[in-house]
Amino acid sequence: MDYLDHLEAEAIYILREVAGQFENPALLFSGGKDSITLVHLAKKAFRPGKFPFPLVHIDTGHNFPETIQFRDWLINEIGEKLIVGYVQDSIDSGKVVEQKGKNASRNALQTVTLLETIEKNGFDACIGGARRDEEKARAKERIFSVRDDFGQWDPKRQRPELWNIFNGKIQKGENVRVFPISNWTELDVWNYIKREKIALPSIYFSHKRNVVFRNGQWMAADPVLQIDDADIVEHKSVRFRTVGDMTCTAAVDSIAVELDDIIDEIKASTVSERGARLDDKVSEAAMEDRKKQGYF
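The rules behind each value
- Residues numbered from 1 in each chain as written.
- Predicted model: local features only at pLDDT ≥ 70, side-chain atom pairs only at ≥ 80, totals over all residues.
- Heavy atoms only, no water.
- Pairing = 2+ DSSP bridges.
- Helix = DSSP H or I, 4+ residues; strand = E, 2+ residues; numbered from the N terminus.
- Axes fitted to C-alpha atoms, helices over the stretch in contact; angles between N-to-C directions.
- Contact = heavy atoms within 4.5 Å.
- Core = buried A, V, L, I, M, F, W, Y, C linked by side-chain atoms within 4.5 Å.
- Buried < 20%, exposed > 50% of the residue type's maximum accessible area, 1.4 Å probe, protein only.
- Polar contact = N/O pair within 3.5 Å; in protein donor to acceptor, adjacent residues only side chain to side chain.
- Patch = residues over 30% accessible without salt bridge, like charges linked within 9 Å, V, L, I, M, F, W, Y side chains within 5 Å.
- Areas by Shrake-Rupley, 256 points an atom, 1.4 Å probe, with all protein chains shown as cover.
- Salt bridge = Lys/Arg side-chain N within 4 Å of Asp/Glu carboxyl O.
- Expected span 1.5 Å × (residues − 1).

Undergrad: Even after reading the chapter, I still don't get the sheet that holds strand β1 (residues 25–28), so can you show me in this structure?
TA: The strands making up a sheet associate through hydrogen bonds between their backbones, and the pairing can be parallel or antiparallel. Reading across from one edge, β3-β2-β1-β4-β6-β5 is the order of the six strands in this open sheet, with mixed pairing throughout. What marks the edges here is a single partner per strand, and that holds for β3 (82–86) and β5 (144–147). Within this sheet the neighbouring strands show an average axis-to-axis angle of 30 degrees, counted without direction. The pairing of strand β4 (residues 125–127) with strand β6 (residues 175–178) spans three bridges and is parallel. Of the residues in β6, the one forming a bridge with Cys126 is Arg177. Lying over the sheet, helix α1 (residues 3–21) contacts β1, β4, β5 and β6, oriented at roughly 40 degrees with respect to β5.

So, in structure tokens, the structure goes:
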């Protein structure tokens, strides 16, 4: 069997384990390539039936328009339920305080909105598209990652996962984050997208866009970025390797307009896709700190 078949079979097995072990799971959907791949895998795992879980999107209000448009198209295409948690609601209710200043971002605020959404809907398992190759904190995490009743992750509470036996037992109020493509690499995902002919948002492919060079990265020149007279806006050919909040997701110089071109770029790259995420550069342990607070 092709190695992609092995990865696919493992992911489908994990999705079915979630359906079998938990009463009220959900699939966390960002509109990025990894969560889109999860939706494709869920179709293979459960069709012709309906998904045994809704899709959940945490909307910061500063998402790329292309991502939101694709999300709405995909939901209509597959006919599944979508639950949206809005960071703006958390701000309006006073549960979080929006950052101010030139480099302000809502990215960190979405953790509170996520935990509120989990509690409100009583989700006991949340499926996510995180992969071990993305970042060192994610490399520590098991496929079934237990979170306490505050939604927090404790690295010392990791459970052994021998012979693909997954323990989903939890106490009341706890939940499990499940990562079916944890063993995949960025290149694996792109090769699978190519093989399966999976549709993606247009921002993953090279396009002309107004960008501004800030903090060593090309950022989309959008009003949410708080552009001032010191910023020089350029019109460049770029694409995005990862999709997140516009205020912390950088573009890369690229002329890749086809899947083969993107795959060649990734093979030649010496920087992880998370290298284009400014939220990971706050500190050496930025991702791990966010995970301990309840991040994806």
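That covers the picture; the talk isn't over yet.
Undergrad: Is there a simple way to explain the nonpolar core in this structure?
TA: As a rule of thumb, soluble globular proteins bury nonpolar side chains together. Residues Leu41 and Phe144 are the most contacted members of the largest nonpolar core, which totals 55 residues. Setting aside chain neighbours within four positions, we find Leu41 in contact with Glu8, Ala11, Ile12, Leu15, Ile181, Trp184 and Tyr192. Counting residues in hydrophobic clusters, the runner-up holds 13 residues, among them Val87, Leu114, Phe123 and Cys126.

Undergrad: Help me understand helix α7 (residues 186–196) in this model?
TA: Note that an α-helix has 3.6 residues per turn; residues three or four places apart therefore point the same way. Taken together, the buried positions of α7 are occupied by Glu186, Asp188, Val189, Trp190, Tyr192, Ile193 and Glu196. One or two steps after α7, the chain reaches Lys197, where phi turns positive at roughly 55 degrees.

Undergrad: Looking at this structure, how should I read the sheet that holds strand β7 (residues 207–214)?
TA: With antiparallel pairing, four strands are arranged side by side around a closed barrel as β7-β8-β10-β9. Strand-to-strand, the axes of this sheet are offset by a mean angle of 65 degrees, without reference to chain direction.

Undergrad: What's the story with the side chain of Glu134 in this structure? I'm lost.
TA: Checked against the element boundaries, Glu134 lands in the loop between β4 and α6 (136–139). Residue Glu134 is classed as buried on the basis of its relative accessible area of 8%. A distance of 2.7 Å separates a polar side-chain atom of Glu134 from the backbone nitrogen of Arg131.

Undergrad: How should a nonpolar patch on the surface be read in this particular structure?
TA: Residues Leu162, Trp163 and Ile165 make up a contiguous nonpolar surface patch of about 420 Å² in total accessible area. For Ile165, the location among the structural elements is in the loop between β5 and β6.

Undergrad: I tried to follow the environment of Leu187 on my own but got confused; where do I start?
TA: Topologically, Leu187 is positioned in helix α7. Judged by its relative accessible area of 24%, Leu187 falls in the partly exposed class. Taking C-alpha positions, Leu187 is 28 Å from Trp153, a pair spaced 34 residues apart along the chain. Beyond its immediate sequence surroundings of up to four residues, Leu187 is in contact with Ile263, Ile266 and Lys267.

Undergrad: What is the right way to read helix α3 (residues 65–78) from this model?
TA: With 14 residues, α3 extends 20 Å between its outermost C-alpha atoms, agreeing within 8% with the 20 Å of an ideal straight helix rising 1.5 Å per residue. If you check which residues of α3 are buried, you get Glu66, Thr67, Ile68, Phe70, Arg71, Leu74, Ile75 and Ile78. Packed against the buried residues of α3 are α2 (33–46), β2 (55–59), β3 and β7. Directly beyond the C-terminal end of α3, a positive phi value near 70 degrees is found at Gly79.

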